[in-house]
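Given next are the chains, with one letter for each unit.
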Amino acid sequence: MSTIREAPEPKISPYLQFLYGLFNFLLLGVMIFSFLSVGGFTKFPGVHISNTVDSPLAQPELHKVPQGLTPGGARDQGKTWHTPDRFPQCSMDVCFNYSRCDDMEELLVYQYDMENSPSWFFKDAWKRSRYYTIDPEKACVFLVTVDMRLENGPLLKSLPHWNNGLNHIVVSIADTWVSTQASAGSNSIDMASTMTSITHQSTYRAGFDISVPVPQRKFYPSLQRLKALDKKYFLTFKGTRYLQDPGVGGFRSNPILRKMHNGDDIIVATTCKQAKLNGVSLRQPEVEAECEKDQLIYNEFKFDDLMNSTFGLIPAGRGPSSFRLLEVLSAGTIPVVISDNFVLPFDSLIEWRRCLFVFPTSQMQRIVPTLRSLNRKEIELRREYCLFIYRKFFVDDDKIVETTAMALEARFFGVIPKLIPKVPLPPRHLNLEQPLPKSL
Ligand SMILES: *[C@@H]1O[C@H](CO)[C@@H](O)[C@H](O)[C@H]1NC(C)=O
Ligand SMILES: *[C@@H]1O[C@H](CO)[C@@H](O)[C@H](O)[C@H]1NC(C)=O
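Cut-offs used in this document
- Residues numbered from 1 in each chain as written.
- Chains lettered and ligands numbered in written order.
- Predicted model: local features only at pLDDT ≥ 70, side-chain atom pairs only at ≥ 80, totals over all residues.
- Helix = DSSP H or I, 4+ residues; strand = E, 2+ residues; numbered from the N terminus.
- Expected span 1.5 Å × (residues − 1).
- Buried ≥ 20, exposed ≤ 12 C-beta atoms within 10 Å, placed from the backbone.
- Contact = placed C-beta atoms within 7 Å.
- Pairing = 2+ DSSP bridges.
- Near = placed C-beta within 6 Å.
- Nonpolar A, V, L, I, M, F, W, Y, C, P; charged D, E, K, R; others polar.
- Axes fitted to C-alpha atoms, helices over the stretch in contact; angles between N-to-C directions.

For the rest of this paragraph, the subject is helix α13 (residues 397-410). Structurally, the α-helix is built with 3.6 residues per turn, so residues lying three or four positions apart point the same way. Relative to the 20 Å expected for 14 residues at 1.5 Å per residue, α13 spans 20 Å between its end C-alpha atoms, a close match to the ideal helical length. The complete set of buried residues in α13 reads I400, V401, E402, T403, T404, A405, A407, L408 and E409. Taken together, the buried residues of α13 touch α4 (124-127), β3 (141-145), β6 (210-211) and α12 (376-394).

Pasting the structure below:
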């Protein structure tokens, strides 16, 4: 017996039928209009959309970057981190062998054990997790870390189970190998997917690549129980000011960012010390003068005290991601990310828009007005959602590994029944039935 009952046929008045017809007519018009305008937009000279891969496991084609939109060109226009799309065109249907994962009780991951690979959660926490296998024959996916050590020429192709990168995941945390070194030639990642903390929207292959966080170095659990507006400050940041070009965090020298500081409930404390130590020339004398002024503010405020804040600024550093993201979350503080072209960690699992804000570096003047416009309830809901995210997905290395496994399982969309991820649901008062505040 079916438990689903059909709804009774509704009676529709001729007037409503007329309105319905009119609505459809208008909708069709809108669709034709948007189709035409989108069609015009996509006719980019030089872009060749290839759909010729017919064998499911054929060697994928490389993306072609249209002329004039090269990363150098983008950087010239002050845009940052638009690295070239050098990854092969890949998705689960083309670049993954599902058969390897059949009959699995658990997602089994083999990790190439390389010396010097970073000991962060990808090494130790994986090994003690239930997803770890030492038997490559049993593995569904293979992890290979490429950080640092392999900067000068990774030997991906010579890995014993590489098989054109099939079912492989190239892992790079707090390092730029994948975005700067991986290329079409001998450095190609072939059919492998990437798992990086520096994940660019312009190279990210949704449903295939995974964005992971950089692990936190400091923890602030004692601040978690304070309600959002019971915190000491409204918005804070303390950190290094880069003086280099925009691509390496130079926007932190932008007066708009520094002038958010009001000495009262908004504290922006930066130091140029590191830049000076590194021998970076302070091109303009007025920049140097500002450095001295900023240093006084920097000395006045303690880092840990500034974590007692409703909102925490997270300006991108030398890459688009930051250690600060998890640190700010751990304080029950709402992150305000300033970054371009950045894929937030585990974006396929986590509803970040219910928690934090992301501002492009070109829109920093909007930060304070936006935050000041939020009402008390909205802010508190965001804080609670952020804390939910932190506790369920990031609270320690083991949790991050669980979340990474979940993100891997989410790529299957249930194709393999036992690998359906058990994604934690937010508490009832934070769940989806709750009407969204207008700003979400
Ligand atoms: C896919 O995996 C199955 C099971 O491990 C294996 O028999 C097959 O050869 C694999 N195919 C490719 C192209 O590697
Ligand atoms: C955070 O700030 C609030 C408000 O000023 C204060 O009551 C609380 O003691 C502070 N907490 C810590 C751990 O500093």
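There's plenty left to go through after this.
With that out of the way, let us pick up unusual backbone geometry. Although it is not a glycine, D103 adopts a positive phi angle of roughly 55 degrees. If you trace the backbone, D103 turns up in the loop between α3 (92-95) and β1 (109-111). Owing to 8 C-beta atoms within 10 Å, D103 belongs among the exposed residues under this scheme. In this structure, D190 is a non-glycine residue whose phi angle is positive, near 50 degrees. Relative to the elements of secondary structure, D190 occurs in the loop between α5 (177-181) and β5 (193-196).

Let us look at the sheet that holds β6. The 6 strands lie next to each other as β2-β1-β3-β4-β5-β6, forming an open sheet whose pairing is parallel. The open sheet has two edge strands, β2 (132-133) and β6, and neither has a second partner. Summarising the sheet, β5 and β6 pair through 2 bridges and their orientation is parallel. Bridged to T196 within β6 is S211.

With that settled, consider the pairing of strand β10 (residues 334-338). In terms of residue burial, β10 counts as a mostly covered element, since 5 of its 5 residues are buried. Here β10 shows two buried faces, one formed by I334, V336 and I338 and the other by P335 and V337. The sheet contact formed by strand β9 (residues 309-315) and β10 spans 5 bridges and is parallel. Opposite I314, over in β10, you have V337 as the bridge partner. Of the pairings in the sheet, the one linking β10 to strand β11 (residues 357-359) comprises 3 bridges and is parallel in character. Note that in β11 the partner of V336 across the bridge is F357.

Below, the discussion takes up the site of ligand 2. Contacts to ligand 2 come from S222, L223, L226, K231, K232 and N308. The residue inventory of the shell around ligand 2, partitioned by class, reads 2 nonpolar, 2 polar and 2 charged.

Let us look at α12. The end-to-end C-alpha distance of α12 is 26 Å, a good match for the 27 Å that 19 residues give at a rise of 1.5 Å each. Within the sequence span of α12, burial applies to L381, R382, R383, Y385, C386, L387, I389, Y390, F393 and F394. Summarising the contacts, the buried residues of α12 are in contact with α10 (324-330), β10 and α13.

Another aspect to go through is the sheet that holds β9. Taken in spatial order, the 5 strands of this open sheet run β8-β7-β9-β10-β11, and their pairing is parallel. On the outer flanks of this sheet lie β8 (266-271) and β11, each paired with one strand and no other. Within this sheet the neighbouring strands show an average axis-to-axis angle of 20 degrees, counted without direction.

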